[in-house]
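Secondary and tertiary structure notes
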Amino acid sequence: MSAHIGVTGLAVMGANLARNLARNGFTVALHNRSVEKTDTLLEKYGTEGDFVRTETLQELVDSLEKPRRVLIMVKAGKPVDSVIEQLEPLLEAGDIIIDAGNSHYEDTRRREAALAKKDLHFVGVGVSGGEEGALNGPSIMPGGSKESYMALGPLLEKISAKVDGEPCCAWVGTDGAGHFVKMVHNGIEYADMQVIGEAFDLLRSGAGIEPAEQSKIFTEWNKGDLSSFLIEISAEVLGHVDAKTGKPFVDVVVDAAGQKGTGRWTVISALELGSPVSGIAESVFARALSSQAAQRKLGQEMLAGNEVSVEIPETFVEDVRQALYASKLVSYAQGLDMLTSAAKEYGWDLKLDEIASLWRAGCIIRAELLKDITKAYAADEKPANLLFAPAFTKAIADALPAWRRVVATAVQLGIPVPVFSSSLAYYDGLRRKRVAAALIQGQRDLFGAHTYGRVDAEGTFHTLWGEDKSEIEAVDTH
Ligand code: 6PG
C-alpha cells in the first residue's frame, strides 16, 4: 500500500503532525535520521492509524503515492537545506516537498525558486498551535504554488483546527507567503503576550493584586471580548503555585524572556517594508531588555525612579482590561497592515479575511476577536486599517479614556508598559492632523538639503539655509 504522505523529522512537532495525519485516515510513511525515534513513535502510537516504517529517505520516497508529498519537520536553517539536498535527487517532476517548520520566508522563497527549476514543488507551511495543536488540529498557513495546493490542501485541511466545521487552513499565496504569514502571526503573538504581561505587572505593582487573585480576574476576562487562548493560559500560569516553595509560580521563574527569532524576523522585515509595527517591535525589545541581567542589576542600583504616588482608582482593573483590549487590537492592526505592505512588495494576493479566519482556532493567537476581524475584512469595503472598520473604531473609542488613564498611571508609577504606550502613540499618530514630521523635514533640509513638500503647493522645495533663507524649487532627493 502506498503512503499518502511521508514525514521526516520526528521530534515532537513532526511526530504529532504524523500522528494527526494518521488519525485522520491517511497512511503516513515515517522517517527520522536516527531510526530509534521512528520505532519509539510506532511502539507508543502505532495503533493510532496506518504508518509505514522507513529507515532511509530512499525508502521513504519509494513508499509514497504520486505526486509524492514529503513533509520535513526539522530545525529551521541549514538542516532544512540539507534534507532538501538529500531528497531532491530521489524525487520526480511534480512531487512536493513541504517545510512545516518555522523557516524564514526568504529561505522559503529561495528554496521554492530553486526547486521549481527542477519541476519540484516546494511548499513553506506555517503551522501554529504548539505540540498540542500539531496533534489535535493546528492552524495551517500554506504557501507555494497553487497547483501544489490541489494535491496537498485536502490533507492539510483535514488535520487542521475547525471553526463551525470550516478548516483553519487555506492557501495564502505563492512561494514564501505561508511562512511570512506565520512569521507575522508570531510577531502578533509576541505583542499579545507582552500586553498581557504589562497588565499583570500593572495589577501587581500598581494595585497590589496577587497572582492567585489575578488568575481569577483573567478567568473572568476570558469570558468577554478578551477571550483568547493566551488569556486562558495566563490565568492558568498565574494560578499555579510552586510545589517546592509554596510561592506563586511566577515569582520563582527568572524574569528573562527567551526568543527563538520569529518575532525579531517580523520586526526586521517590517523595518525593510517601512511598516510601523511599533507594538510588535516593543515586545521584541522588551524581551531583549528583560534578558540583559547584568545591566538590569546595575540599573536597580544606579538609576533613580522618582515615581509619583498616584491614587489607584476603583475602576483600575476594568481600566487595565480596556487598555489591554485596545493595545491588543493595535497589535493585530499593525500585523495585518504589515501583511498588506508585504503583499505589494512580494506580489502576493493576501486575503486578510481569510488569513484572520485561519487564526480563529488552532493557533497561539486564537481569540474571539478574530471572528470580528474576519468579518471586518470580508466586508465589501475593506478597511485601509483594521482600526477603521466601524466595529473597531467604536470599540477603541470606548476604551480610550481607560487606556489613557492606565498609561498615565503606569508612567507615574514607573511601571514600564512599552506596548500599551507605544500602541497608544500609534493610535494618536494615526489620528492627529499634524505630527512632528514637519520639523524633521525641516531639520533634514537644513543639514542635508534633503528637500520638503509644502502644504500649499505641489512640488519639492529647499530653503537656502546658509544663505538668505529664501526658498527654491528643488529636485526631490527624499
Ligand atoms: C506557534 C508558536 C510556535 C513557537 C514559537 C515560540 O504558533 O505555535 O509561535 O511557533 O512556540 O516559535 O517562539 P519563541 O520561542 O520565539 O517565543
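What you are looking at is a predicted structure, and each value in this text was computed from that prediction instead of being measured.

Cis rather than trans, the peptide bond between K66 and P67 has omega equal to -5°. Mapped onto the elements of the fold, P67 is located in the loop between helix 3 (57–62) and strand 4 (69–72). With a phi angle near 30°, D175 is a residue other than glycine that sits in the positive phi range. The topology assignment puts D175 in the loop between strand 9 (166–167) and helix 8 (177–206). According to the relative accessible area criterion, D175 is buried, its value standing at 14%.

Size it by volume and the second largest pocket reaches roughly 240 Å³. When residues of the lining of the second largest pocket are assigned to their parent elements, the largest contribution, four residues, is made by helix 20 (residues 437–448). Split into classes, the residues belonging to the lining of the second largest pocket amount to six nonpolar, three polar and two charged.

What follows concerns the sheet that holds strand 10 (residues 452–454). Taken in spatial order, the three strands of this open sheet run 10-11-12, and their pairing is antiparallel. At either margin of the open sheet sits one strand with a lone partner, and together these are strand 10 and strand 12 (471–473). Along the sheet, successive strands turn relative to each other by an average axial angle of 50°, direction set aside. Relative to strand 11 (residues 457–463), strand 10 runs antiparallel, the two sharing two bridges.

Right, let's talk about the UniProt feature "active site" (unreviewed entry) in the chain for a bit. UniProt's feature table lists "active site" (unreviewed entry) at K182 and E189, given in the numbering used throughout. With respect to the helices and strands, K182 occurs in helix 8. Apart from the residues lying within four places of it in its own chain, the contact partners of K182 are N102, G126, V127, S128 and M141. Polar contacts involving the side chain of K182 include one to the side chain of N102, which spans 2.9 Å. With respect to the element layout, E189 can be found in helix 8. Look at E189 and you get buried, because its relative accessible area is 13%.

Time to look at the pattern of salt bridges. Inspection of every chain in the model, using the stated rule, returns 34 salt bridges. Close ionic contact of R68 with D95 constitutes a salt bridge, the shortest N to O distance being 2.7 Å. Placement of the pair is R68 in the loop between helix 3 and strand 4 and D95 in the loop between helix 4 (78–87) and strand 5 (96–99), with a sequence separation of 27 residues. Judged by relative accessible area, D95 falls into the buried class, the value being 2%. When the shortest N-O distance is used, the salt bridge between R204 and D251 registers 2.9 Å. With R204 in helix 8 and D251 in helix 11 (residues 249–252), the pair connects residues that are 47 residues apart, well separated along the chain. Connected through salt bridges with shared partners, the residues D81, D99, D107, R110 and R111 form a single ionic network.

Time to look at the side chain of S275. Examined against the element boundaries, S275 turns out to sit in the loop between helix 12 (262–273) and helix 13 (278–290). A residue is classified by how much of its surface remains accessible, and S275, at 7% relative accessible area, is buried. Beyond its immediate stretch of four places on either side in the chain, S275 contacts A270, D337, M338 and S341.

Pairing between sheet strands relies on hydrogen bonds along the backbone, with the strands arranged either parallel or antiparallel. Taking strand neighbours across the sheet as the criterion, the seven strands line up as 3-2-1-4-5-6-7 in an open arrangement whose pairing is mixed. For this open sheet the edge positions go to strand 3 (51–53) and strand 7 (139–142), each flanked by a neighbour on one side alone. Ignoring strand direction, the axes of neighbouring strands in this sheet form an average angle of 25°. Taken together, the three bridges between strand 2 (residues 28–31) and strand 3 define a ladder with parallel strand orientation. Considered in strand 3, the bridge of L30 is made with R53. Docked against the sheet, helix 4 engages strand 1 (5–8), strand 4, strand 5 and strand 6 (121–128), running at close to 155° with respect to strand 4.

One can find S341 in helix 15 (residues 316–346). Exposure remark for S341: the relative accessible area of 22% places this residue in the partly exposed category. In this structure, the C-alpha to C-alpha distance between S341 and H240, residues 101 residues apart in sequence, is 41 Å. Once residues within four sequence positions are removed from consideration, S341 is found in contact with L273 and S275.

Attention now goes to the site of the ligand. Every one of the 14 residues lining the ligand counts as a neighbour, but S128, K182, E189, Y190 and K260 are closest to it. A distance of 2.9 Å is found between an oxygen atom of the ligand and a backbone nitrogen or oxygen belonging to G129. In this structure, K182 approaches the ligand through a side-chain N or O atom, which is 2.8 Å from an oxygen atom. Summarising the interface, the protein chains cover 80% of the accessible area of the ligand, which totals 420 Å² for the free molecule.

Among the nonpolar cores identified, the biggest contains 85 residues, and F180 and W359 are the most heavily contacted of them. Per element, the largest residue contribution to this core is 16 residues, and it comes from helix 15. A domain-level breakdown of this core finds at least three residues from each of domain 1 (5–171) and domain 2 (182–431). Excluding its chain neighbours within four sequence positions, the residues that come into contact with F180 are Y105, S269, L273, M338, L339, A342, Y346 and W348. Formed by 31 residues, the second largest nonpolar core is a distinct cluster that contains A15, L41, V123 and V125.

Below, the discussion takes up a nonpolar patch on the surface. Residues L298, M302 and L303 make up a contiguous nonpolar surface patch of about 360 Å² in total accessible area. Mapped onto the secondary structure, L298 falls in helix 14 (residues 293–302).

On to the UniProt feature "binding site: substrate" (unreviewed entry) in the chain. Those places that UniProt annotates as "binding site: substrate" (unreviewed entry) correspond, in this numbering, to N102, S128, G129, G130, H185, N186, Y190, K260, R287, R444 and H450. Separation in sequence by 349 residues is matched in space for these annotated residues, since their most distant C-alpha atoms are 48.4 Å apart. When you line up the elements, N186 lands in helix 8. Residue N186 is classed as buried on the basis of its relative accessible area of 5%. What N186 contacts, discounting residues up to four positions off in sequence, is N102 and T262. Position of Y190 relative to the elements: it lies in helix 8.

How each quantity is defined
Residues numbered from 1 in each chain as written. Predicted model: local features only at pLDDT ≥ 70, side-chain atom pairs only at ≥ 80, totals over all residues. Heavy atoms only, no water. Helix = DSSP H or I, 4+ residues; strand = E, 2+ residues; numbered from the N terminus. Buried < 20%, exposed > 50% of the residue type's maximum accessible area, 1.4 Å probe, protein only. 1 Å grid on protein atoms, 1.4 Å probe; cavity = no way out; pocket = protein on both sides within 12 Å on 5 of 7 lines; lining within 4 Å. Points joined across faces, edges and corners; volume = space filled by probe spheres on them. Nonpolar A, V, L, I, M, F, W, Y, C, P; charged D, E, K, R; others polar. Pairing = 2+ DSSP bridges. Axes fitted to C-alpha atoms, helices over the stretch in contact; angles between N-to-C directions. UniProt positions renumbered as here; feature names shortened; annotations may be inferred. Contact = heavy atoms within 4.5 Å. Polar contact = N/O pair within 3.5 Å; in protein donor to acceptor, adjacent residues only side chain to side chain. Salt bridge = Lys/Arg side-chain N within 4 Å of Asp/Glu carboxyl O. Near = heavy atom within 4 Å. Areas by Shrake-Rupley, 256 points an atom, 1.4 Å probe, with all protein chains shown as cover. Core = buried A, V, L, I, M, F, W, Y, C linked by side-chain atoms within 4.5 Å. Domains from an automatic or database assignment. Patch = residues over 30% accessible without salt bridge, like charges linked within 9 Å, V, L, I, M, F, W, Y side chains within 5 Å.

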